[in-house]
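For reference, the chains in residue letters:
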Amino acid sequence: MPNKLSSIPRLKYRDGEVLLMSPLPKHGRDAHIIANIITTLLDHIELEYDAFTPVTMELPEESGIEPDYCFYIENWQAVSGKERIDWRVDPPPDLVLEIDVTSYSDVNDYLPYRVPEVWLFRKQLAIYQLRDAEYSLQSHSRYFPEIDLQALILQYRQIAYQRNTSAAIRQLRQALSQ
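Since the structure is predicted, the reported quantities are computational estimates derived from the model, not experimental observations.

**Student:** Give me the overall build of the protein: which residues, what numbers.
**Tutor:** When helices and strands are counted, the protein shows 4 helices and 8 strands. The N-to-C order of helical and strand elements in the protein reads β-β-α-β-β-α-β-β-β-β-α-α. Residue burial in the protein is summarised as follows: out of 178 residues, 43% are buried. Split by element, the accessible area of the protein, about 10,600 Å² in all, is 48% carbon and sulfur.

Dropping the structure here:
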């Protein structure tokens, strides 16, 4: 019998339900492109940060969640060098990126973790910021307040799909340096 290559399914738990998802190439590609855009912007404005993927965020009595990318920007020193993060005492990521190809993602999944900013990408970017005890949709990121991220991500994502990610990021770096 031939060996079939297939993706390893990801499990997601929500309110007593188990969701089985098989990541699509589009999901991984969009996550990679947008994460590269974020790191390019952070490097451009010379903010220190740490970023990683995958990571499972789990709290007792809460459903675990696995964001596509985590970015520690204001709190990078709190997790620097750690091999494990204790979600009960360590700060949450300052920004998480969630790519939603199948509509399973819900920004409210991040409420127990008190993530300050969640980017949810479904064909276009939605930026949510934690205000008191709920997320509200915002037009700009707290980390890039002067940048129209919606237009920027659509533009450089299109370049990446037409050519490749490296060309898109090179063009973004050139545009930022002008």
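**Student:** For the pairing of strand E8 (residues 134-138), give the residues involved together with the corresponding values.
**Tutor:** Pairing of strand E7 (residues 124-131) with E8 involves 5 bridges; the strand directions are antiparallel. Residue pairing for E8: Gln 129 is matched across the bridge by Ser 136. Hairpin connection between E7 and E8: a loop of 2 residues separates the two successive antiparallel strands, and Asp 132 in this loop has a positive phi of roughly 60 degrees.

**Student:** Explain the confidence of the model for the protein residue by residue, including any values.
**Tutor:** Close inspection of predicted coordinates is inappropriate in any region flagged by low pLDDT. On average, residues of the protein carry a pLDDT of 86, and 84% of them reach 70 or more. Confidence, read as mean pLDDT per element, is least for strand E2 (residues 17-21) in the protein (50) and greatest for E8 (97). Under a pLDDT of 50 for its full length, residues 1-7 has, in the predicted model, 2 contacts with residues more than four places off or in other chains.

**Student:** Go over the sheet that holds E7, please, and point to the residues and values.
**Tutor:** One open sheet accounts for 6 strands, arranged E3-E4-E5-E6-E7-E8; its pairing is mixed. Looking along the sheet, the strands with just one partner apiece sit at the ends: strand E3 (50-52) and E8. For this sheet the average axis-to-axis angle between neighbouring strands, irrespective of direction, equals 20 degrees. The sheet contacts of helix H3 (residues 149-162) involve strand E6 (117-122) and E7, and relative to E7 the element is tilted by about 145 degrees.

**Student:** I'd like to hear about the pairing of E6, residue by residue, with values.
**Tutor:** With respect to burial, E6 is a largely interior element, 5 of its 6 residues being buried. Sheet topology places strand E5 (residues 95-99) next to E6; 5 bridges connect them, and they run parallel. Along E6, the bridge assignment pairs Glu 98 with Leu 120. Relative to E7, E6 runs antiparallel, the two sharing 6 bridges. For Glu 117, the partnering residue across the bridge sits in E7 and is Gln 129. The antiparallel pairing of E6 with E7 creates a hairpin that spans 1 residue between the two strands, and Lys 123 there sits at a positive phi of about 65 degrees.

Rules used throughout
Residues numbered from 1 in each chain as written. Predicted model: local features only at pLDDT ≥ 70, side-chain atom pairs only at ≥ 80, totals over all residues. Heavy atoms only, no water. Helix = DSSP H or I, 4+ residues; strand = E, 2+ residues; numbered from the N terminus. Buried < 20%, exposed > 50% of the residue type's maximum accessible area, 1.4 Å probe, protein only. Areas by Shrake-Rupley, 256 points an atom, 1.4 Å probe, with all protein chains shown as cover. Pairing = 2+ DSSP bridges. pLDDT = per-residue confidence, 0-100. Contact = heavy atoms within 4.5 Å. Axes fitted to C-alpha atoms, helices over the stretch in contact; angles between N-to-C directions.

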